[in-house]
Amino acid sequence: MDSVRCDRTGSGPRIPLALKILIAGGFGAGKTTLVSALSEVRPLQTEEVLTGASIGTDDLSGVEAKSTTTVAMDFGRITINDDLQVYLFGTPGQDRFWFLWDELAFGALGAVVLADTRRLADCFPSIDYFEQRGVPFVVGVNCFDGARRFSLESVRQALDLDPDVPLVLCDARERQSGKEVLIALVEHVARQRGEPVPAA
């Protein structure tokens, strides 16, 4: 693994800066798909097949075709340049795995909360989690095929988001769309810290 490089000035090894971003949201919102689309390496996934044991525990309404679920986390990596890498951690969506969230969130720059308009209420716990802990986040409305479309303002009102929380449309299957969501998050964090944000 090429994690330590020699400094060109000859002063010794240089360790790249690593940024940690969480990908959160409700069950079936597209977290695993987004990490997979963005990662430059084969993502680590902890997907398990849904079995009869999940009946009565996992609500599949609106996502009846879903056959697997994340039971720990997803992990992916993006290299920006020799000195900067972004690590993506996809959180599990069901309540019974929330005990993992504090560990996953430790040291995170911020988070992307994926929203599925077919099950919009499922992203409330993620939004509440990041609001309560002061973790900057953006909401990406994942545009599923065949799902009813709503205006961003309607979604903002339904989620009762603060005006400064970025809300963007995305397709979790598309790398470029996912990158735009990450850019929105980094710009949001920079604004919160009073750092300059380059004009688009």
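Here is what the cut-offs are and how they apply
Residues numbered from 1 in each chain as written. Predicted model: local features only at pLDDT ≥ 70, side-chain atom pairs only at ≥ 80, totals over all residues. Heavy atoms only, no water. Patch = residues over 30% accessible without salt bridge, like charges linked within 9 Å, V, L, I, M, F, W, Y side chains within 5 Å. Areas by Shrake-Rupley, 256 points an atom, 1.4 Å probe, with all protein chains shown as cover. Salt bridge = Lys/Arg side-chain N within 4 Å of Asp/Glu carboxyl O. Lys, Arg positive; Asp, Glu negative; His and termini not counted. Charge placed at Lys NZ, Arg CZ, Asp CG, Glu CD. Helix = DSSP H or I, 4+ residues; strand = E, 2+ residues; numbered from the N terminus. Buried < 20%, exposed > 50% of the residue type's maximum accessible area, 1.4 Å probe, protein only. pLDDT = per-residue confidence, 0-100. Contact = heavy atoms within 4.5 Å. Arc of directions from axis to C-beta. Core = buried A, V, L, I, M, F, W, Y, C linked by side-chain atoms within 4.5 Å.

With respect to a negative patch on the surface
Turning to step 1, where the next piece is worked out: On the surface, Asp128, Glu131, Asp160, Asp162 and Asp164 cluster together into a patch of negative charge.
Turning to step 2, where the next piece is worked out: Assignment of secondary structure puts Glu131 in helix α3 (residues 124–133).

Considering the pattern of salt bridges
Turning to step 1, where the next piece is worked out: Counting across every chain of the model gives 6 salt bridges.
Turning to step 2, where the next piece is worked out: Residue Arg173 pairs with Asp145 through a salt bridge whose shortest N-O separation is 3.0 Å. Taken as a pair, Arg173 in the loop between β9 (167–170) and α5 (175–192) and Asp145 in the loop between β8 (137–142) and α4 (152–159) lie far apart in primary sequence, 28 residues in all.
Turning to step 3, where the next piece is worked out: Asp145 sits in the exposed class, given a relative accessible area of 58%.
Turning to step 4, where the next piece is worked out: The closest approach of N and O atoms between Arg173 and Asp171, which form a salt bridge, is 2.8 Å.
Turning to step 5, where the next piece is worked out: Sharing partners across several salt bridges, the network here consists of Asp145, Asp171 and Arg173.

Remarks on the confidence of the model for the protein chain
Turning to step 1, where the next piece is worked out: Confidence along the protein chain averages 81 in pLDDT terms, with 73% of residues attaining 70 or more.
Turning to step 2, where the next piece is worked out: Within the model, pLDDT remains below 50 along residues 1–7, and this stretch shows 18 contacts once partners closer than five positions in the same chain are excluded.

What about α3?
Turning to step 1, where the next piece is worked out: Every buried residue belonging to α3 is among Ser126, Ile127, Tyr129 and Phe130, and all of these are buried. Viewed along the axis of α3, the buried residues span an arc of 160°, placing them on a single side of the element.
Turning to step 2, where the next piece is worked out: Summarising the contacts, the buried residues of α3 are in contact with β3 (17–25), α2 (101–105), β7 (110–115), β8 and α4.
Turning to step 3, where the next piece is worked out: Immediately beyond the C-terminal end of α3, within one or two residues, lies Gly134, with a positive phi of roughly 70°.

A short note on the nonpolar core
Turning to step 1, where the next piece is worked out: Core analysis: the largest hydrophobic core is formed by 24 residues, its most contacted members being Leu22, Ile127, Phe130, Phe137, Val139, Leu159 and Leu161.
Turning to step 2, where the next piece is worked out: When contributions to this core are tallied by element, the ones reaching two or more residues are β3, α2, β7, α3, β8 and α4.
Turning to step 3, where the next piece is worked out: Apart from residues no more than four positions distant in its own chain, Leu159 is found in contact with Leu120, Cys123, Phe124, Ile127 and Val139.
Turning to step 4, where the next piece is worked out: Core analysis: the next-biggest nonpolar cluster, separate from the first, contains 19 residues, Ile23, Val86, Val112 and Cys170 among them.

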